[in-house]
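Now for the letters of each chain:
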Amino acid sequence: MPLSAAPLSPAGTAGLTHVASAVYEEETEVAIKEPGITASPNRGLALTVGGVLALWGILGFFFAADGDPGFFSRQGGMLWNAFGVNPPLALIWVLLAAVLLITGLGTTIGSRNGNLVVGAVLVVLAVYGFVFVNTSANIFALNTTDNVFHAIVGVILLLTALGADKENLRALRAAARA
């Protein structure tokens, strides 16, 4: 029966309204949209930590000149009178920031993977710093503040990547398979 010839119900609405709403419900259940930045903890955290690391990395290049002039200097400069920094550490921060910013602006699955990788790198850097802080192997000018920062941020990134967005990720993977 054509839509225009649909009988009117007692309330004055078309009889096919129920059918149209059922079709709409099916379409909305099937169409899985990528969650926004505020709805995805992985994307929000990736952008936040990426922004901080980008700022610190860029500033680190300027403050690294305050210390020993060598590229892999053990002393380096001081960033905000707390963080030891030399050019290689500033470069690592900028590269990790790029990974987080690119994945954070991308998809939830991508930002989860970016958080996993960057979190693992920061935890490894923290362990390296704690082990080699007062030795000649400390080529990143790491001090205790750097090590604690890397450990905390790395663990937060790893926990968020492994624990957050479970429903979003399941829905996105199911939609990709279909």
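From a predicted model like this one, the values you see are computed outputs, not experimental measurements.

Participant: Help me understand helix α3 (residues 87-104) in this model?
Facilitator: One turn of the α-helix equals 3.6 residues, which is why residues spaced by three or four share an orientation. When the terminal C-alpha atoms of α3 are compared, their 25 Å separation across 18 residues agrees well with the 26 Å that a helix rising 1.5 Å per residue should span. Buried within α3 we find Pro87, Pro88, Leu89, Ala90, Trp93, Leu96, Ala97, Leu100, Thr103 and Gly104. The elements touched by buried residues of α3 are α2 (41-63), β1 (77-79), β2 (83-85), α4 (108-132) and α5 (144-163).

Participant: How do you make sense of α2 when you look at a structure like this?
Facilitator: An ideal rise of 1.5 Å per residue puts 33 Å on 23 residues; α2 measures up with 32 Å between its terminal C-alpha atoms. Asn42, Arg43, Leu45, Ala46, Val49, Gly50, Leu53, Ala54, Trp56, Gly57 and Gly60 are the residues of α2 that are buried. Buried-residue contacts for α2 involve β1, β2, α3, α4 and α5.

Participant: Sorry if this is basic, but what is going on with the nonpolar core here?
Facilitator: General note: in soluble globular proteins, nonpolar side chains tend to be found buried as a group. Judged by nonpolar contacts, the single largest core of 23 residues is most densely connected at Val49, Leu53, Leu89, Trp93, Leu100 and Leu157. Among the elements of the structure, α2, β2, α3, α4 and α5 are those that each provide at least two residues to this core.

Participant: Help me out: how do you make sense of a positive patch on the surface in this one?
Facilitator: A cluster of basic residues, Lys166, Arg170, Arg173 and Arg177, forms a positive patch on the protein surface. With respect to the helices and strands, the residue Lys166 is situated in helix α6 (residues 166-177).

Participant: I keep staring at the packing of aromatic side chains and nothing clicks. Help me out?
Facilitator: A ring pair, where both rings are aromatic, is described by two values, the distance of the centres and the angle of the planes. Scanning the model with the defined rule gives six aromatic pairs in all. With a centroid separation of 4.5 Å and an interplanar angle of 50 degrees, the aromatic rings of Trp56 and Phe83 are classed as tilted. You can see Trp56 sitting in helix α2 and its partner Phe83 sitting in strand β2, a full 27 residues away along the chain. Phe83 matches Trp56 in its accessibility class, with the two residues each being buried. Seen from their ring centres, Tyr128 and Phe140 are 5.8 Å apart, and the 70 degrees between their planes marks the pair as edge-to-face. Residue Tyr128 is found in helix α4, and its partner Phe140 is found in the loop between α4 and α5; the two are separated by 12 residues along the sequence. Phe140 gets classed as buried once you look at its relative accessible area, which sits at 14%. Taken together through their ring pairs, the aromatic side chains of Trp56, Phe83, Trp93 and Phe149 make up a single cluster.

Participant: Help me understand the confidence of the model for the chain in this model?
Facilitator: Interpretation of this model should avoid reading the predicted coordinates in detail wherever pLDDT is low. Per-residue confidence for the chain gives a mean pLDDT of 80, with 75% of residues at or over 70. Note that residues 21-28 has pLDDT below 50 and, in this model, zero contacts with residues that lie over four places away or in other chains.

Each value, and the rule that gives it
- Residues numbered from 1 in each chain as written.
- Predicted model: local features only at pLDDT ≥ 70, side-chain atom pairs only at ≥ 80, totals over all residues.
- Heavy atoms only, no water.
- Helix = DSSP H or I, 4+ residues; strand = E, 2+ residues; numbered from the N terminus.
- Expected span 1.5 Å × (residues − 1).
- Buried < 20%, exposed > 50% of the residue type's maximum accessible area, 1.4 Å probe, protein only.
- Contact = heavy atoms within 4.5 Å.
- Core = buried A, V, L, I, M, F, W, Y, C linked by side-chain atoms within 4.5 Å.
- Patch = residues over 30% accessible without salt bridge, like charges linked within 9 Å, V, L, I, M, F, W, Y side chains within 5 Å.
- Areas by Shrake-Rupley, 256 points an atom, 1.4 Å probe, with all protein chains shown as cover.
- Salt bridge = Lys/Arg side-chain N within 4 Å of Asp/Glu carboxyl O.
- Lys, Arg positive; Asp, Glu negative; His and termini not counted.
- Charge placed at Lys NZ, Arg CZ, Asp CG, Glu CD.
- Phe/Tyr/Trp six-rings, centres within 6.5 Å; stacked < 30°, edge-to-face > 60°.
- pLDDT = per-residue confidence, 0-100.

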